[in-house]
Amino acid sequence: MKNLFIVGNWKANKTESEALIWLEEFQKRLEGEKIDLKHKEVIICPPFFLLPLMKKIIKQRVLPIRLGAQDISQFGTGSYTGEISASLLYDYIDFCIVGHSERRRYFNEDDEILNKKVGMVVGSNKIPIFCVENAEKPIPKEVKIVAYEPVFAIDSGSPDTPENAQAIAAEITRKNSTEVLYGGSVNSKNVAGFTQKENIHGVLVGKASLDSAEFLSIVKNA
Ligand code: PGA
């Protein structure tokens, strides 16, 4: 049985109190429904400011959640106003999303910047989850986990087909020797169609990860 990564990308959502409620509900449901997480790695990528609080709660309550960042600075620590560098994130995360299509589109992140960001993540011994919209996009050689996220499927309610996602995942794996996740309008009803495919090793979930019950159903059905 393959191991699956179930990654929740909260994007620019959730206040501190909303995050606490999410964790509370997640824990209650997880215990109530006795979901088997043996082959599943649950990762949440909240906004930066929530990382210390979530880390503390996850540790206190021994929750089976690992944390990731949604982005990282291409620069090191120092005079870079507004940036969050790898060493500032070090204590809180195991993973970091790099190259999400929203970063590429709204913040003009190009291949050169994304290469530097991957370097920052890997340089601090964390794991990049590198997003691409097709099998042609360049992937830095240090990357081991790729998320295939076609732009049309993100936040649209219209996911790719599992068959097409499988074909693209296989091509990405063949070219780059990486594991591939699928992302774009994943929910609890369609997740199994993707995770049952040979070359798909998990999912990157945006909107549906904001609701703890729906996210846990995704984890359960994956
Ligand atoms: P979505 O977002 O699940 O809301 O489509 C996925 C993503 O952007 O990572």
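Residues numbered from 1 in each chain as written. Predicted model: local features only at pLDDT ≥ 70, side-chain atom pairs only at ≥ 80, totals over all residues. Heavy atoms only, no water.

Trainee: Please provide a residue-by-residue account of the packing of aromatic side chains, values included.
Mentor: Enumeration according to the criterion identifies 7 aromatic pairs in this entry. Geometrically, the ring pair formed by F75 and Y80 is stacked, given 4.4 Å between the ring centres and 5° between the ring planes. Given a relative accessible area of 33%, F75 falls into the partly exposed group. Centroid distance Y148 to Y182: 6.0 Å. Interplanar angle 55°. Geometry classified as tilted. (Phe/Tyr/Trp six-rings, centres within 6.5 Å; stacked < 30°, edge-to-face > 60°. Buried < 20%, exposed > 50% of the residue type's maximum accessible area, 1.4 Å probe, protein only.)

Trainee: Before we move on, can you summarise the site of the ligand with the specific residues and values?
Mentor: Taken together, 13 residues surround the ligand, and among them K11, H100, E149, D155 and S185 come closest. Contacts to the ligand include G206, whose backbone N or O atom sits 2.8 Å from an oxygen atom. Between the ligand and K207, the relevant distance is 2.8 Å, taken from an oxygen atom to a main-chain nitrogen or oxygen of the residue. Compared with its free state, where it exposes 280 Å², the ligand has 98% of that area covered by protein. A breakdown of the residues in the shell around the ligand according to their chemical character gives 4 nonpolar, 5 polar and 4 charged. (Near = heavy atom within 4 Å. Polar contact = N/O pair within 3.5 Å; in protein donor to acceptor, adjacent residues only side chain to side chain. Areas by Shrake-Rupley, 256 points an atom, 1.4 Å probe, with all protein chains shown as cover. Nonpolar A, V, L, I, M, F, W, Y, C, P; charged D, E, K, R; others polar.)

Trainee: Describe helix α2 (residues 51-60), listing the residues and the values that go with them.
Mentor: What α2 keeps buried is the set L51, M54, I57 and I58. Each buried residue of α2 sits inside an arc of 135° when the element is viewed along its axis, so together they form one side. Opposite the buried face of α2, at more than 90 degrees from it, the exposed residues are K56, K59 and Q60. Close packing links the buried residues of α2 with α1 (16-33), β2 (40-45), β3 (66-69) and α3 (86-89). (Helix = DSSP H or I, 4+ residues; strand = E, 2+ residues; numbered from the N terminus. Arc of directions from axis to C-beta. Contact = heavy atoms within 4.5 Å.)

Trainee: An account of the pattern of salt bridges is requested, with residue identities and associated values reported.
Mentor: A full pass over the atoms with the stated rule returns 16 salt bridges. Of the charged contacts, one joins R61 and E24 as a salt bridge, the two residues approaching to 3.6 Å between their closest N and O atoms. With R61 in the loop between α2 and β3 and E24 in helix α1, this pair connects stretches of sequence that are 37 residues apart. With a relative accessible area of 27%, R61 lands in the partly exposed category. E24 gets classed as partly exposed once you look at its relative accessible area, which sits at 37%. (Salt bridge = Lys/Arg side-chain N within 4 Å of Asp/Glu carboxyl O.)

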